[in-house]
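Structural features, examined
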Amino acid sequence: MKTVGLAAAALLAAASLVAQRAPAPPPRPAPESQKPIPPVSERVEVAVTNVEVVVTDSKGNRVPGLTRDDFEVYQDGVPQKITNFYAVSGGKVLLDDGKVIGLDSDQAQAEVPDLKARYVLFIDNLNITPQNRNRMFTRLEEFVKDTIGRHAEAMVVTYNRSLKVKRKFTSDASEIIAALDETEHETGGGTSLASERTDALHKIDESSSADEALPYARNYAKSLRNDLQFTVDAIKNTLNSMAGLDGRKVFVYVSEGLPSTAGLELFDQIQRKFQNQASSSTLEQFEFDMSNKYAGIVQAANAQGVTIWALDASGLTTDALISAEHRSFDTRPSDFLLRQNTQAPLLLMADQTGGMAAVNTNDWKKSLDELSKDFSNFYSLGYRTTRSAVDRPHSIEVRVKRKGLKVRTRKGFLEKTIETKTSESVLASLYYPRDDNPLGVSVSIGAQKPYDEENFAVPVRVAVPIGKLGLVPVGDHYEAAFFVYVVARDSGDKQSDLAIQRQVVKVPAKDLDTAQHKDWYYDFTMTVSPGAQRLAFAVRDEVSNQVSYYQKNLFVSLLPKETKTKG
C-alpha cells in the first residue's frame, strides 16, 4: 500500500502530529453505567493462536463430530495444549461448552466474530489466455452467486503488468459478477507468452549446435523471469493489503500457472536435441529458478492469515506443444515438463497455506464447491503461548488421532507483536470500518484553519476514559499510558504515513476514585489538503493491550463559512 508524505499529497505526516494534553480541560463525567476498572499492577503477555482445520476421510468427504481431544497441535515441533475449540458443520456452530447455535444466526456472529469470509479474486491476466480465462469465469460466477452474501464478501483484482482493483470488498454478488464480466473483454498476456515460446523453440530446433541455441533460451528466460518477478510483487502486495482484516481470508488465484524455472522447457529441449555435445544448459537453467520467489508468496500469505486457492485455467487439455508447427521438430518439446513446471508453484502455495490447487481438470465447479464447504465445514483450534517481543515466523503442524483421516491446514504463521497487529488493523480500517471500542474512546474534530497557501490545519481531540485504562501504582500516584495511531486517506486514495504517539497519564493517589469517572484528553493538529478525507484512529492501552478503533470522515472546504448578518 503506497504511502505519501505531506509535500507530495498534503496529507497527514508524522512531523505534523503534535501531541499535547489540552491546557486544563474540564473533565467530562463518564456515564453512570461505566464501572471503574481497578488499578492494574502487572501485565502478562499471552498470545492466542487460532488454526483452521479441514478434516476429510479417504474418499475426500468432510468428517464431522470431532472434539478437541481428537487433535494434536505442534508449534516448531513442540506440542501445544488446545485451549480454544469450536466446530462448524451442518449449518451449525458447535462450541466447546456444548452450546449449539445456527450458523446464520446473529448469535453465531457474536460468539464467533471471525466467521465472516473475505475472498480476493485475483485474475492474473499476464499469465493466462482470454479463451481459457473466460471459460473458467462461467464456473467462478456460479461460485460467487452461491457464496457471496451476508457471511461472505469478495473483491476483484486484475494484474497485467499493473494492479487494478475492479471491485472493492462487497457482499453484493452482482457487483462481483459485473467486474468479472468486464474483465472478460480484456486481453491476456498468455497468448503472447505462448507465441514467444514457440518462436524460441523454432530457433532452437533450427540451430546447429547447443552454443548457437543457448542464447535463444536465455533471452526468453530473462524476459519471462522479469515479468514473473513483477507478478510475484503484485501478489505479495495484494496479500499484505489484507493484513488487519477480520474473518477468514482466501486468495483465489486464477492463472495458467507460474513456472518454477523460467524457460525450463527450452533448456530441456537443448539438452535433449544436443545430448552428444557438451552444453551448459543444465547449469544455466538454475539461474532462472523462481522457487524462492514463490516461497515469499507463501510467507506473505501465512503472515497475513490468508489461504491460497489456486485455479489453473488451462484445464485438462491434450499436449499443448503438439501442433502442426511442432511436428517437424527434430526433438519434440516436452509438454509434460512444461505443465509440471507451471503447476508445481500452484500446488506449493495452496498446500503451505491450507488451500487447494485445481490443476489438470476442467471441472472447476468441483474445486470451487470444495472452497464453499471450507466456510461451512471446519474446525477451529486455539492455543496460548507467551508472546515474543518481535515478529517471528513459526512452523505449525496439526495431527488427527483417528486413523485414515487427513488434515488440511496452513503449515506456518507469523507471530505478530501487538504493535504490528494494531498498526495493520488501523490501516485496514481506512477501507474496512471497525466499530470495536472497548476503551470507550471518542474523537472530535475542531474548526479548520489555513495552514499555508495549499493546506489547512485541523485540530483533533481524542477523549479516553481514565477508568478504562490500566493504572499502575508508582509512589504517591498512579500511572497509565496509551498509544494513539492516526492515518488519513484522501478521495484520490492517497494515504499518509501512519503516525504513532505515546501519552502518559498521571493520577495522584488521593484523586484515584474521582479520576476514574473522568476523561483524559489528547489533542493534536493534522495538516490536510482540501477535499474529502477519511481518518482512522486507534487507541491502545499499554497495560491491558485493549485497542479501540475509530473512523471519521472529514471534508475540508476552501470556501469560508457563511456568517450571519443582522437584518
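The structure displayed is predicted, hence computed values, not measured ones.

Here we come to the environment of glutamate 479. With respect to the secondary-structure elements, glutamate 479 resides in strand E21 (residues 477–490). On the accessibility criterion, glutamate 479 (25% relative accessible area) is partly exposed. Remark: the alpha-carbon pair of glutamate 479 and proline 508, spanning 29 residues in sequence, is separated by 8.8 Å. A distance of 3.0 Å separates a polar atom in the side chain of glutamate 479 from a polar atom in the side chain of histidine 477.

Here we come to the sheet that holds strand E2 (residues 71–75). Two orientations exist for strands paired in a sheet by backbone hydrogen bonds: parallel and antiparallel. Pairing is antiparallel in the open sheet, where four strands are placed in the order E3-E2-E14-E16. Each end of this open sheet is capped by a strand with a single partner; those strands are strand E3 (78–80) and strand E16 (412–415). Each strand axis lies, on average, 35° off the axis of its neighbour in the sheet, ignoring direction. When E2 meets strand E14 (residues 392–400), the two strands line up antiparallel, connected through five bridges. Across the sheet, tyrosine 74 pairs through a bridge with glutamate 397, a residue of E14.

This brings us to the sheet that holds strand E9 (residues 163–170). Strand order in the open sheet formed by six strands is E9-E8-E7-E10-E11-E12, with mixed pairing between adjacent strands. Pairing within the sheet leaves two strands with one partner each, and these edge strands are E9 and strand E12 (357–358). Where strand E8 (residues 152–159) meets E9, five bridges bridge the pair, whose relative direction is antiparallel. Note that in E9 the partner of valine 156 across the bridge is arginine 167. Packed onto the sheet, helix H11 (residues 364–376) meets strand E7 (117–124), strand E10 (248–255), strand E11 (306–312) and E12 and runs at close to 165° relative to E11.

Turning our eyes to something else, we now look at the nonpolar core. Membership of the largest hydrophobic core comes to 49 residues, with the highest contact counts inside it found for Phe122, Ile235, Leu239, Phe251, Ile270 and Ile297. Per element, the largest residue contribution to this core is 12 residues, and it comes from helix H6 (residues 210–240). In this structure phenylalanine 122 touches Val157, Tyr159, Leu163, Ala234, Ile235, Thr238, Phe251, Val252, Tyr253 and Val254, once residues within four positions along its chain are discounted. Listed in part, the 41 residues of the second largest apolar core include Phe137, Ala173, Val250 and Trp364.

Here glutamine 80 shows up in strand E3. Only 3.1 Å separates the side chain of glutamine 80 from the backbone oxygen of valine 78, close enough to count as a polar contact. If we skip the residues at most four places from it in the chain, glutamine 80 touches Val73, Gln75, Tyr383, Arg384 and Thr385.

Turning to the packing of helix H5 (residues 190–206) against helix H7 (residues 264–273), a few remarks are in order. Between H5 and H7, the shortest axis-to-axis distance is 10 Å and the interhelical angle comes to 15°. In this view, H5 runs roughly parallel relative to H7, as classed from their interaxial angle. Crossing hand, H5 versus H7: right-handed. Along the contact surface, H5 presents Arg197, Ala200, Leu201, Ile204 and Asp205, while H7 presents Glu265, Leu266, Gln269, Ile270 and Lys273. Here the contact of H5 with H7 is composed, by residue class, of five nonpolar, one polar and four charged.

The next point concerns the packing of H7 against helix H10 (residues 335–353). Two elements in contact, H7 and H10, have axes whose closest approach is 9 Å; the angle formed by their N-to-C orientations is 150°. By the angle class used here, H7 and H10 are roughly antiparallel. The two elements H7 and H10 cross, and the hand of that crossing is right-handed. For the pair formed by H7 and H10, the contact residues are Leu264, Glu265 and Asp268 on the first element and Leu337, Leu338 and Asn341 on the second. Within the contact of H7 with H10, the residues separate by chemical class into three nonpolar, one polar and two charged.

Scoring rules and cut-offs
Residues numbered from 1 in each chain as written. Predicted model: local features only at pLDDT ≥ 70, side-chain atom pairs only at ≥ 80, totals over all residues. Heavy atoms only, no water. Helix = DSSP H or I, 4+ residues; strand = E, 2+ residues; numbered from the N terminus. Buried < 20%, exposed > 50% of the residue type's maximum accessible area, 1.4 Å probe, protein only. Polar contact = N/O pair within 3.5 Å; in protein donor to acceptor, adjacent residues only side chain to side chain. Pairing = 2+ DSSP bridges. Axes fitted to C-alpha atoms, helices over the stretch in contact; angles between N-to-C directions. Contact = heavy atoms within 4.5 Å. Core = buried A, V, L, I, M, F, W, Y, C linked by side-chain atoms within 4.5 Å. Parallel < 35°, antiparallel > 145°, perpendicular 65-115°, else oblique. Left-handed = near helix turned anticlockwise from the far one by under 90°. Nonpolar A, V, L, I, M, F, W, Y, C, P; charged D, E, K, R; others polar.

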